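Observations on chain architecture
So you can see what is in the structure, the chains are spelled out below.
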Amino acid sequence: MPTIVINSPHLPNHLLGALSVDTDGVPRYWVIVWLDSLKPKLAKSTRRRYCRHLNTFYDYSEELYGRRTFDRAISDLDFDQIETILSGYLYRLTNLQKHGSSGNHAHDIWNTCTAFLFDLLNYLVPQSYDNKIGELFERLKHRVNLYDQLTLSAHARPTSAKVLPPLVPPG
């Protein structure tokens, strides 16, 4: 579902802007929490871009795992489900990038998704929380760091061969 933009002179400014919704037009809960509570001072264009990136991620999650699965996984702190969804999405982004269908945006989309996830988990899982949850959270962070090192690096331009002038004999 595309991002909708709310513009109305009858609403206060903090309720205006881009909104991420599902196929039924229902706002995506954790996207709203992230954008409105944890990132309230974003420029309108940045907010729209984040909504677009997260919509592709949510669409992928719903296509494979069912409606509202990712929101449920965050609410339940189901790190195994979150890791499964993230790793599958990374694989999809990697394939799209290899075939040229995502352009150079795959890296930006991945960064938005992981920032979204870790901002929310840092908000939801206090430092003093249960050790098991803390260990799972650290494992997930470690896994994402490994993914970042292995794939979706921004396209580096191939290095061109440098031609050196021939050695001039002294003379």
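Everything below is about the structure printed above this text.
Residue numbering note: each chain is counted from 1, following its sequence as written. A pLDDT threshold of at least 70 governs which residues receive local features in this predicted model, and a stricter bar of 80 or more applies before side-chain atom pairs are shown or counted, although totals over entire chains, interfaces and linings include all residues. The side-chain figures draw on all heavy atoms in the structure; neither hydrogens nor water molecules are used.

With that settled, the discussion passes to unusual backbone geometry. Of note, the phi angle at R68 is positive, near 60°, even though the residue is not glycine. Strands here are runs of E lasting at least two residues and helices are runs of H or I lasting at least four, both read from the DSSP assignment and numbered beginning at the N terminus. Following the sequence through the fold, R68 ends up in the loop between helix 2 (44-65) and helix 3 (69-75). Exposure classes here rest on a 1.4 Å probe applied to the protein chains alone. A residue is buried below 20% of its type maximum, exposed above 50%, and partly exposed in between. The partly exposed category is assigned to R68, whose relative accessible area is 32%. Even without a glycine there, the phi angle at L77 is positive, about 50°.

Formed by 38 residues in total, the largest nonpolar core has its most connected members in F70 and F116. Only helix 1 (29-38), helix 2, helix 3, helix 4 (79-98), helix 5 (106-124) and helix 6 (131-150) provide two or more residues apiece to this core. Looking at this core element by element, the count peaks at nine residues for helix 5. When near neighbours in sequence (up to four residues on either side) are disregarded, F70 contacts F57, Y58, S61, I82, I85, F116 and L117. Buried Ala, Val, Leu, Ile, Met, Phe, Trp, Tyr and Cys residues that are joined via side-chain atoms within 4.5 Å together make up what is termed a nonpolar core. We call two residues in contact whenever any of their non-hydrogen atoms come within 4.5 Å of each other.

Axes here refer to lines fitted to C-alpha atoms; in helices the fit is confined to the stretch in contact. Angles between the N-to-C directions go from 0 to 180 degrees. Viewed as axis vectors pointing N to C, helix 1 and helix 2 meet at an angle of 155°, and their least axial separation amounts to 11 Å. On the basis of the axis angle, helix 1 is roughly antiparallel to helix 2. Note on packing geometry: the crossing formed by helix 1 with helix 2 is right-handed. Residues W30, V31, W34, L35 and D36 of helix 1 pack against R47, Y50, C51, L54 and Y58 of helix 2. For this scheme, ten residues count as nonpolar: Ala, Val, Leu, Ile, Met, Phe, Trp, Tyr, Cys and Pro. Four count as charged, namely Asp, Glu, Lys and Arg, and the remainder, Gly too, count as polar. The residue makeup of the contact of helix 1 with helix 2, split by class, is eight nonpolar, no polar and two charged. Note that the term roughly parallel is reserved for angles under 35 degrees, roughly antiparallel for angles over 145, roughly perpendicular for angles of 65 to 115, and oblique for everything else. For a crossing to be left-handed, the near helix must be turned anticlockwise from the far one by less than a right angle; the clockwise case is right-handed.

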